[in-house]
Amino acid sequence: RSPIGGARVSDLPGVPAMATSFQRRAGAGGRLAALRGTRPSPRHGQLLLSCGLPALDSVLGGGVAVGTLLLIEEDKYGLYSNLLFKYFLAEGVVCGHELFVASAKQHPDNILKELPAPLLDDTYRSDLGEKATAAKSEDLQDSMKIAWRYQNLPKVEASPTTSTKFGHYYDISKTMSPEVFQSIKWHSFYLPEELSLQPEMKACNINSAYTKLLQSIQRIICQEGFDGSDPQKKQKNILRIGIQSLGSMLWGDDVCSSDTPEDIHSLTKFLYVLRGLLRKSLSACIITVPAHLIQNKAIMERVTNLSDMVVGLESFIGSERETNPLYKDYHGLVHVHQIPRLNSLICDVSDTKDLAFRLKRKLFTIE
């Protein structure tokens, strides 16, 4: 199968499984699974990579599948969505993946300098484990105070008491050391610089910024050996693509400032072409979108349909919930709007729907 997956013969209706004496050579089918920072999903066989937050991985069905798009609907002030964006990139650095970072408001160099440092110290992990045990005892004491509907719900966030090659934890109070980046290859796309280098161009009713960004992504995929249709001669690797605040006015798009934008289909056409590029390559993409600013709900529905996974963050800052005693331990809610159906009829749905996040001194957690 291709790295993006595909139906097996035994999966097709009406086709029985056949006994055969054929034996696959050891290692022949494990080439994709041997890629750093990835693992095959036991549910649908897709190759998964971590988004940088293990709790969110479990909510998304085990991780982000190679060849798919994760869309983050930004919170009101963009504080927490920016953290998820950096987690995704930091996980790529730790796993040795190649990065492509695009932004219109912050230079990619500065974004990479602000990536959180990985928590690889076992003593710190054991310390977190002790804190988790103490928290559980407090939960038992408070169990009579909690409504019965929430009392038996499982905790999504697990403490990092054991080391794992898939998914890491990060300390947001520290930044990643520059030495870590020396072995990492990365590419940047800063819109103000790109517009100054080349004259404006518009193709297929997509605005100039989106056209330039698509051309840059396509060039990296083809030239750096991530194109699945073209056999790679060098060692295989994963390309992580991060695009910050897509659809905002800084990208030259007016979907956030008008009910009837001039380029009403620019954003959706961009996502349509982008998904085509992702599907045939060893890559995965995270995009943050200021969904709360998009007044035209039809556009947001199209954006959701053109994404594989959609997660919305609702911050309590400035809202009535900030003072609500029910949410006193949390900083916002997590809304999982869409999970992909990969090689199956139904998606891998989490056991619990009530998700909240909180920002501790060093960790961002989802529970």
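Just above sits the structure.
Now for a look at the structure at hand. Treat the numbers as computed from the prediction; the structure is a model and nothing was measured.

1. Digging into the packing of aromatic side chains
Okay, step 1: Under the defined criterion, the tally for this structure stands at nine aromatic pairs.
Okay, step 2: Ring plane angle 35° and centroid distance 6.3 Å describe the contact between Tyr210 and Trp251, whose orientation is recorded as tilted. Within this pair, whereas Tyr210 is found in helix 7 (residues 208-223), its partner Trp251 is found in the loop between strand 9 (239-243) and helix 8 (266-279), the two being separated by 41 residues in sequence.
Okay, step 3: Three or more aromatic residues link up through ring pairs in this structure, and these residues are Tyr80, Tyr87, Tyr170, Phe357 and Phe364.
Okay, step 4: Note that Arg39 overlies the ring of Phe166, its terminal NZ or CZ placed 3.9 Å from the centroid.
Okay, step 5: The cationic tip of Arg240 hangs over the ring face of Phe88; the distance from NZ or CZ to the ring centre is 4.8 Å.

2. A look at the pairing of strand 11 (residues 309-315)
Okay, step 1: Within strand 11, six of the seven residues are buried, which leaves the element mostly enclosed by the surrounding structure.
Okay, step 2: In this sheet, strand 11 lies alongside strand 4 (residues 69-73) in parallel orientation, the contact comprising four bridges. Paired with Glu73 across the bridge in strand 11 is Gly312.
Okay, step 3: Of the strand pairs in this sheet, strand 11 and strand 12 (residues 332-338) are connected by six bridges, and their pairing is antiparallel. Bridge pairing in strand 12 links Val310 to Gln338.

3. Overview of the packing of helix 8 against helix 9 (residues 297-305)
Okay, step 1: Two numbers describe how helix 8 lies on helix 9: the axes approach to 9 Å, and their chain directions differ by 5°. Looking at the two axes, helix 8 sits roughly parallel to helix 9. Between helix 8, through Leu267, Thr268, Leu271 and Arg275, and helix 9, the contact on the second element is made entirely by Ile299, Arg302, Val303 and Asn305.
Okay, step 2: When the residues that make up the contact of helix 8 with helix 9 are grouped by side-chain class, the tally is four nonpolar, two polar and two charged.

4. Quick notes on helix 2 (residues 79-95)
Residue pairs three or four apart in sequence face the same way in an α-helix, which turns once every 3.6 residues.
Okay, step 1: Between the first and last C-alpha of helix 2 there are 25 Å, a value that for 17 residues agrees with the 24 Å anticipated at 1.5 Å per step.
Okay, step 2: Summarising burial for helix 2: 15 of the 17 residues are buried, a large majority.
Okay, step 3: Backbone geometry just downstream of helix 2 places Gly96 in the positive-phi region, at approximately 80°.

5. Here's the deal with the environment of Met249
Okay, step 1: Looking at the secondary structure, you find Met249 in the loop between strand 9 and helix 8.
Okay, step 2: For Met249, a relative accessible area of 52% translates into the label exposed.
Okay, step 3: Along the sequence, Met249 and Ala104 sit 145 residues apart, while their C-alpha atoms lie 9.3 Å from each other.
Okay, step 4: Not counting residues within four places of it along the chain, the set of residues in contact with Met249 comprises Asp254 and Ser257.

6. Here's the deal with the packing of helix 7 against helix 8
Okay, step 1: Interaxial distance between helix 7 and helix 8 falls to 10 Å at its minimum, and their mutual angle equals 5°. In terms of axis orientation, helix 7 runs roughly parallel to helix 8. Packed against helix 7, whose contacting residues are Tyr210, Leu213, Leu214, Ile217, Gln218 and Ile221, the element helix 8 presents Ser266, Leu267, Phe270, Val273, Leu274 and Leu277 at the interface.
Okay, step 2: Its residues assigned to classes, the contact of helix 7 with helix 8 comprises 10 nonpolar, two polar and no charged.

7. Here we look at the pattern of salt bridges
Okay, step 1: Under the definition given, this model contains eight salt bridges.
Okay, step 2: Among the salt bridges present, the one from Asp227 reaches Lys280, with a minimum N-O distance of 3.9 Å. On the criterion of sequence distance, the pair formed by Asp227 in the loop between helix 7 and strand 9 and Lys280 in the loop between helix 8 and strand 10 (283-289) is long-range, its members being 53 residues apart.
Okay, step 3: Residue classification places Asp227 among the buried positions, given a relative accessible area of 9%.
Okay, step 4: Taking the shortest distance from any N to any O, the salt bridge between Arg358 and Glu367 comes out at 3.0 Å.
Okay, step 5: On the basis of relative accessibility, which here comes to 12%, the residue Glu367 falls in the buried class.
Okay, step 6: Ionic contacts of the salt-bridge type, sharing partners, join the residues Arg275, Arg279 and Asp308 into one network.

8. Overview of the pairing of strand 4
Okay, step 1: Within strand 4, five of the five residues are buried, which leaves the element mostly enclosed by the surrounding structure.
Okay, step 2: Side-chain alternation along strand 4 places Leu69, Leu71 and Glu73 on one buried face and Leu70 and Ile72 on a second face that is also buried.
Okay, step 3: Alignment of strand 4 against strand 10, held across five bridges, turns out to be parallel. Paired with Ile72 across the two strands is Thr288, which belongs to strand 10.

9. Details of the sheet that holds strand 3 (residues 64-65)
Okay, step 1: Taken in spatial order, the three strands of this open sheet run 1-2-3, and their pairing is antiparallel. Every interior strand has two partners, whereas the edge strands, strand 1 (38-40) and strand 3, have only one.
Okay, step 2: Bridging between strand 2 (residues 47-49) and strand 3 involves two bridges; their strand directions are antiparallel. Considered in strand 3, the bridge of Leu49 is made with Val64.

10. Points about the nonpolar core
In summary, soluble globular proteins display a tendency toward joint burial of nonpolar side chains.
Okay, step 1: Grouped together as the largest cluster of nonpolar side chains are 43 residues, with contacts concentrated most on Leu70, Phe364 and Ile366.
Okay, step 2: Looking at which element gives the most residues to this core, the answer is helix 2, with nine residues.
Okay, step 3: If you look at the next biggest cluster of nonpolar residues, it comprises 39 residues, including Leu69, Trp251, Ile299 and Val303.

Conventions we followed
- Residues numbered from 1 in each chain as written.
- Predicted model: local features only at pLDDT ≥ 70, side-chain atom pairs only at ≥ 80, totals over all residues.
- Heavy atoms only, no water.
- Phe/Tyr/Trp six-rings, centres within 6.5 Å; stacked < 30°, edge-to-face > 60°.
- Helix = DSSP H or I, 4+ residues; strand = E, 2+ residues; numbered from the N terminus.
- Lys NZ or Arg CZ within 6 Å of the ring centre and 35° of its normal.
- Buried < 20%, exposed > 50% of the residue type's maximum accessible area, 1.4 Å probe, protein only.
- Pairing = 2+ DSSP bridges.
- Axes fitted to C-alpha atoms, helices over the stretch in contact; angles between N-to-C directions.
- Parallel < 35°, antiparallel > 145°, perpendicular 65-115°, else oblique.
- Contact = heavy atoms within 4.5 Å.
- Nonpolar A, V, L, I, M, F, W, Y, C, P; charged D, E, K, R; others polar.
- Expected span 1.5 Å × (residues − 1).
- Salt bridge = Lys/Arg side-chain N within 4 Å of Asp/Glu carboxyl O.
- Core = buried A, V, L, I, M, F, W, Y, C linked by side-chain atoms within 4.5 Å.

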